[in-house]
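Architecture at a glance
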Amino acid sequence: MNEKVVLEHDDLRRTLRRIAHEIAEKNPNAERLAVVGIHTRGAVLARRLHVFLGELTGSDLPIGDIDISFYRDDVGAKAPGSQPVVHASHIDFDLSERTVVLVDDVLYTGRTVRAAIEALFDYGRPRRVQLAVLCDRGHRELPFRPDYVGKNLPTAREERVNVRLEEIDGTDGVTISEETPMEVTQ
Amino acid sequence: MKHLLSIEQLSRAEIESILDRAESFAEVGRRDIKKVPTLRGRTVVSLFYESSTRTSSSFDLAAKRLSADFVSVKAAGSSVEKGESLKDTVATLSAYDPAAIVIRHPYAGAAQMVAGWTEAAVVNAGDGKHEHPSQALLDVYTLRRRLGSLDGVRIWIVGDVLHSRVARSNLIAFAKMGAEVTVCGPPTLIPRGIEELGCDVSYSLDGIEEAEVVYALRMQKERMSESFVPSLREYAACFQIDTRRLNPRQLLMHPGPVNRGVELSGEAIDSPQSLIAEQVAAGLVVRMAILYELLAGGGASTPAAEGEGSQPTPIGTSA
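Residues numbered from 1 in each chain as written. Chains lettered and ligands numbered in written order. Predicted model: local features only at pLDDT ≥ 70, side-chain atom pairs only at ≥ 80, totals over all residues.

The secondary structure content of chain A amounts to four helices and eight strands. If you list the helices and strands of chain A from N to C, you get β-α-β-α-β-β-α-β-β-β-α-β. Out of the 186 residues belonging to chain A, those deemed buried represent 41%. Nonlocal contacts in chain A, meaning residues at least 24 apart in sequence, comprise 70% of its contacts between residues at least 6 apart. (Helix = DSSP H or I, 4+ residues; strand = E, 2+ residues; numbered from the N terminus. Buried ≥ 20, exposed ≤ 12 C-beta atoms within 10 Å, placed from the backbone. Contact = placed C-beta atoms within 7 Å.)

Below, the structure is given as structure tokens:
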């Protein structure tokens, strides 16, 4: 399988740091901010952004993570198979009057974001929701536009975007690879 | 997994997967809005030919917290009283195109039969003296939360084992999870050959101090057509679990409903080592996990189903 590297280890870190700067710039009222990552890799990215934002703003922002399995729009539509472990969501702060920055690794159809926003609203009524993604690969099926983008990746639907993070995969980086049509479930 | 008919059909890994999921439903129960849209638009029918408080109410609430529509049919007050057969009743309910049918019936094997008559996923909520798998799963869940793991844990199941589907399901489940199980009761209430399920047998409470968990069973007066014990009083004298027989380090469980003063003393029920209330709370989240597993299980399986990243595939791909 052919993999094209689009973000190396250091690029990925610089990109995240830039996103953190943009978030801080766009939200001067930092004490109203909160960061919520979408499982699994979005949650890891959120933790890293949270550290950068802490350095930039000097405040310890609330952080949470959210699992969208119970909010998917394709529940039961797929053939049974191996199931991912559903993670519990952790949002143990009050969302109301806060600007919540949702964090995910790849923005594609927008369906995950829809599910995440719906899940978020079961915890409270945030004042504003912003979206930060490491990669935007296009092919939106719902009207979402990210507020912060690490890298725009023009891709074909048959391609895969592979995000690897040290905490999970042992290494940092983003690659694009070709997929054989058989493996593409989209 | 298409149906949940017995614990026997489940592997240890499948049991653990359901319990892991139940943990995340426990988190849903701590929110202000205790409901998720997962099974929106699906219908769950429950069909109870025997009375029930815990099982039927928790399946009801479990379905509702998953946003499914829930219809409950009880034999008393339904056309069953007019003589409608189980098969015809199932055919009638199947006409509503339910995603799942939860059934409790006095005959062993009823759930299995129903599974052959309907397209819906069938959940056995107790079939005669055979099995009660959701009870066993919630008991394993309760113990796992308390003890971390059941490996090597010594559990005594005490009482009317003969008439108890809970005893059968729990014995099998506890053994699959690595526990060492002893069943205990008067010889008339211990089925012959039960050792083959992988347990020890004791005809008295002597030695119960070795147990870390004491699981008492209800004396099932409704299933006793002849006298299995001289009197309930004599049974209580020999086998009642009270605070004198229970040492403070032991955990006490009971599937409910309890005959206060028969298999358990009132003091023991209300003692801090009793997990009975925790068992009921576990029933809700475990039954949510069961419905999720059967009705939505496949749905969360495809990494690229939504196309966006962070679906847990081994190398972190996102198609």
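On to helix 2 (residues 41-57) of chain A, then. With 17 residues, helix 2 of chain A should cover 24 Å at 1.5 Å per step; its first-to-last C-alpha distance of 24 Å lies within 8% of that length. Within helix 2 of chain A, burial applies to R41(A), G42(A), A43(A), V44(A), L45(A), A46(A), R48(A), L49(A), H50(A) and L53(A). (Expected span 1.5 Å × (residues − 1).)

What links the strands of a sheet is backbone hydrogen bonding, and the strands pair in either a parallel or an antiparallel sense. All names here are of chain B. Read across the open sheet, the five strands follow the order 7-6-5-8-9; overall the sheet is parallel. Each of the sheet's edge strands pairs with one partner strand only, and the pair in question is strand 7 (200-202) and strand 9 (251-253). Each strand axis lies, on average, 20 degrees off the axis of its neighbour in the sheet, ignoring direction. Where strand 8 (residues 213-216) lies against strand 9, three bridges are found, and the strand directions are parallel. Paired with V213 across the bridge in strand 9 is L251. (Pairing = 2+ DSSP bridges. Axes fitted to C-alpha atoms, helices over the stretch in contact; angles between N-to-C directions.)

All names here are of chain B. Between its first and last C-alpha, helix 5 (residues 133-147) extends 21 Å over 15 residues, near the 21 Å set by a 1.5 Å rise per residue. With 12 of its 15 residues buried, helix 5 lies for the most part within the structure. Of the residues making up helix 5, those classed as buried are P133, S134, Q135, A136, L137, L138, D139, V140, Y141, T142, L143 and R144. Positioned one or two residues after helix 5, G148 has a phi angle of 85 degrees, which is positive.

All names here are of chain A. The alternating pattern of strand 3 (residues 63-66) places I63 and D65 and G64 and I66 on opposite faces, both of which are buried. Two elements, strand 2 (residues 33-38) and strand 3, share four bridges in a ladder whose sense is parallel. Residue pairing for strand 3: I38 is matched across the bridge by I66. Considered for its hand, the β-α-β crossover made up of strand 2, helix 2 and strand 3 is right-handed. (Right-handed = clockwise from strand over helix to strand, strands pointing away.)

Moving on: the domain arrangement of chain B. Residue and element names in this part refer to chain B. Per the domain assignment, the segments making up chain B are domain 1 (12-131 + 283-298) and domain 2 (133-278). The centre of domain 1, based on its C-alpha atoms, is set 26 Å off from the matching centre of domain 2. Listed by contribution, the elements that provide at least two residues to the side of domain 1 that touches domain 2 are helix 1 (12-28), helix 2 (54-65), strand 4 (121-127) and helix 9 (276-295). Considering only residue class, the side of domain 1 that touches domain 2 consists of eight nonpolar, seven polar and six charged. (Domains from an automatic or database assignment. Nonpolar A, V, L, I, M, F, W, Y, C, P; charged D, E, K, R; others polar.)

Residues and elements named next belong to chain B. If you trace the four strands from one edge of the open sheet to the other, you get 2-1-3-4, paired in parallel fashion. The sheet is open, and its two edges are formed by strand 2 (69-74) and strand 4, each paired on a single side. Going across the sheet, the axis of each strand differs from the next one's by a mean of 15 degrees, ignoring polarity. Sheet analysis places strand 1 (residues 43-48) next to strand 2, joined by six bridges and oriented parallel. Of the residues in strand 2, the one forming a bridge with T43 is D69.

All names here are of chain B. One finds A100, L137, I157, V214 and L291 to be the most contacted residues of the largest nonpolar core, which totals 147 residues. Among the elements that line this core, the one with the most residues is helix 9, at 11 residues. Counting only domains with at least three residues in this core, you end up with domain 1 (12-131 + 283-298) and domain 2 (133-278). Leaving out residues up to four positions away in the same chain, A100 has contacts with V44, A120, A121, V123, L291, L294 and L295. (Core = buried A, V, L, I, M, F, W, Y, C linked by C-beta atoms within 7 Å.)

Residues and elements named next belong to chain B. Scored by pLDDT, chain B comes out at a mean of 90, with 92% of its residues at no less than 70. Counted against residues more than four places away or in other chains, residues 299-319, with its pLDDT under 50, gives 84 contacts. For this predicted complex, the interface confidence comes out at an ipTM of 0.70, alongside a pTM of 0.84. (pLDDT = per-residue confidence, 0-100.)

With that out of the way, let us pick up unusual backbone geometry. Cis geometry is found at the peptide bond from H39(A) to T40(A), where omega equals 0 degrees. Relative to the helices and strands, T40(A) is located in the loop between strand 2 and helix 2. Of note, the bond from G256(B) into P257(B) is cis; its omega dihedral lies within 30 degrees of zero at -10 degrees. Counting through the fold element by element, P257(B) comes out in the loop between strand 9 and helix 8 (266-269). Backbone geometry at E97(A) places phi at a positive 70 degrees, although glycine is not the residue there.

Below, the discussion takes up the confidence of the model for chain A. This prediction gives chain A a mean pLDDT of 89; 90% of its residues lie at or above 70. Note that pLDDT drops below 50 for residues 181-186 of chain A; the model gives that stretch 13 contacts with residues more than four away or on any other chain.

This part takes up the environment of V262(B). Relative to the assigned elements, V262(B) resides in the loop between strand 9 and helix 8. Placed 25 residues apart in sequence, V262(B) and A237(B) show a C-alpha to C-alpha distance of 8.7 Å.

Our next topic: the environment of A268(B). Residues and elements named next belong to chain B. Note that A268 resides in helix 8. Judged by the 24 C-beta atoms lying within 10 Å of it, A268 is buried. Along the primary structure A268 and P255 are separated by 13 residues, whereas in three dimensions their C-alpha atoms are 14 Å apart. Excluding residues within four positions of it along the chain, A268 makes contact with I241, D242, T243, L246, L252 and S274.

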